[in-house]
Amino acid sequence: MNKLPVAAILYDFDKTLSPKDMQEYSVIEELGVAPEKFWGEANRLAKENRMDGNLAWMYEMILQLRSQRKSTKKEYFRDCGKKVELFKGVESWFERINAFGAAHGLKIKHYIISSGLKEIIEGSSIAKHFDRIYASAFLYTADGVTEWPAQSVNYTNKTQFIFRIAKGRFEEWDNSVNDPVDEDDLAVRYTNMIYIGDSATDIPCMRLVKSRGGFSVGVYDGEKNLKKNVYELFDSGRINFFAPADYREGSELDSIVKKVLTYISAQEELRRVGAENKALAAEYKRYSAAKTALENERGAGEVLKKLKQKVKGDVE
Ligand SMILES: [Mg+2]
């Protein structure tokens, strides 16, 4: 059986799958500082030292954990992931959407592209559903203690992961992500991508996916009804659709994603029919060329026969 065509859903994490920034559920709470104070410190550090904003909060987090003699081990961050809250319906979303995709001839793959901490996402209850989690991460010593940043995912370098997913060059260190890949050789076509995000930091990704024929969806916290971001994203052409971040069956978001998957499925089916037509037309072309060559040969044979009749003697 032929492999099913792949459709990929790419998610931001904070305020897209979860109502708050992931650090606020655990690390910041445990540090005993108000979230605004922590982010304020991190932003000040970034500005004063011309730092990448992510590297600044990663540094600030480790600095504060150490100063309070708390753990900075990988397991600690993984445990923090267990406390992360998710929007309604997220827990069962993946299996439902996978089943919907399968019923429409699609293999659905899910990816996270987040500026948050990879280890926290890995510790969350939904980590197993993702084919890959791209997020900021630490390098750890042999004893499992944080030593250095391994990855800093900010809003502009987020887009490299879309190219990695499309081209199947998944490893973060793999420079061949810049090599050109033909449309038909892509691991995931851009037209089969759906990007779900909530804010201005998702703009480069939303724009990239949308401009390449995929779909971008803006989500907002339905309980707070904060729609400013999605209205602005829509108005500036960054997203195709917006809906509350409610992942339950029958929700607006569920309906939009299923309609898009149905559309992608129809596109794939038409592509398959087109490929069959192309193959048949190519067969005809081959037949036609062979027929012309044979007729020419036969014609040449007749000319040769006539000429030979005029030749005196055995010339073979
Ligand atoms: Mg977000």
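See the structure above.
Since this is a predicted model, take the numbers as computed values, not measurements.

Asks: With reference to specific residues and values, describe the overall build of the chain.
Replies: What the chain contains, in helices and strands, is ten helices and seven strands. Reported as C-alpha extents along the three principal axes, the dimensions of the chain are approximately 110 × 45 × 35 Å. For the chain, with 316 residues in total, the buried portion stands at 34%. A fraction of 58% describes how many contacts in the chain between residues 6 or more apart in sequence connect residues 24 or more apart.

Asks: Any chance you could break down helix α10 (residues 252–310) for me, citing the residues and the numbers?
Replies: Given a rise of 1.5 Å per residue, 59 residues ought to cover 87 Å, and the 87 Å separating the end C-alpha atoms of α10 matches this to within 8%. Listed as buried for α10 are L253, V257, V260, L261, I264, S265 and E268. The inward-facing, buried residues of α10 contact β1 (6–11), α5 (90–103), β5 (193–197), β6 (215–220) and β7 (241–244).

Asks: Can you explain the pairing of β1? Please cite residues and give values.
Replies: When you tally the buried positions in β1, you get six out of six residues, the bulk of the element. With burial as the criterion, each face of β1 is covered, one bearing V6, A8 and L10 and the other bearing A7, I9 and Y11. With six bridges joining them, β1 and strand β2 (residues 107–117) adopt parallel strand pairing. Residue A7 lies in a different strand from β2, and its bridge partner there is I108. Alignment of β1 against β5, held across four bridges, turns out to be parallel.

Asks: Mind laying out the sheet that holds strand β3 (residues 132–140), listing which residues take part and the relevant values?
Replies: Taken in spatial order, the seven strands line up as β4-β3-β2-β1-β5-β6-β7 in an open sheet, and their pairing is mixed. The strands lining the two open edges of the sheet, one partner per strand, are β4 (146–151) and β7. Strand-to-strand, the axes of this sheet are offset by a mean angle of 25°, without reference to chain direction. Across the face of the sheet, helix α8 (residues 203–211) comes into contact with β2, β5 and β6 while running at roughly 155° to β5.

Asks: Hey, could you go over helix α4 (residues 74–81) for me, with residue numbers and the actual values?
Replies: Taken residue by residue, α4 has Y76, F77, C80 and G81 as its buried positions. Buried residues of α4, seen end-on, are gathered within an arc of 155° and therefore sit on one face of the element. Contact partners of the buried residues in α4: α1 (27–31), β2 and α6 (118–122).

Asks: Kindly report on the nonpolar core, identifying the contributing residues and their values.
Replies: Ranked by internal contacts, the top residues of the largest apolar core, which has 71 residues, are A8, L10, I112, I194 and V217. Of the residues forming this core, the biggest block, six residues, is contributed by β1.

Asks: Describe the pairing of β2, listing the residues and the values that go with them.
Replies: Remember that side chains alternate between the two faces of the sheet whenever the strand is regular. Burial of β2 is extensive: nine of the eleven residues sit out of reach of the surface. Pairing of β2 with β3 involves five bridges; the strand directions are parallel. Within β3, the position partnered with L117 by the bridge is S136.

Asks: Would you mind going over unusual backbone geometry in detail, with residue names and values included?
Replies: Across residues other than glycine, the phi torsion is negative in most instances, and most of the peptide bonds are trans. The phi dihedral of R50 falls on the positive side, at around 50°, and the residue is not glycine. Along the chain, R50 falls in the loop between α2 (35–49) and α3 (53–67).

Calculation rules
- Per chain, residues are indexed from 1 in the order of the written sequence.
- Confidence filtering applies because this is a predicted model: local features only for residues at pLDDT of at least 70, side-chain atom pairs given and counted only at 80 or more, and all residues used for totals across whole chains, interfaces and linings.
- A run of DSSP states H or I qualifies as a helix once it reaches four residues; a run of E qualifies as a strand once it reaches two. Both are numbered from the N-terminal end.
- With C-beta atoms placed from the backbone, a residue counts as buried when 20 or more other C-beta atoms lie within 10 Å of its own, as exposed when 12 or fewer do, and as partly exposed for counts between those limits.
- Two residues qualify as a contact pair if the distance between their C-beta atoms, derived from the backbone, is within 7 Å.
- To estimate how far a helix should extend, the number of its residues minus one is multiplied by 1.5 Å.
- Being paired, for any two strands, means DSSP has found at least two bridges between them.
- Lines fitted to C-alpha atoms define the axes, with helix axes restricted to the stretch in contact, and inter-axis angles between N-to-C directions lie between 0 and 180 degrees.
- Each direction from the helix axis to a C-beta atom contributes to the arc, which is the arc of those directions.
- Take the buried Ala, Val, Leu, Ile, Met, Phe, Trp, Tyr and Cys residues, join any whose C-beta atoms are within 7 Å, and the set you get is a nonpolar core.

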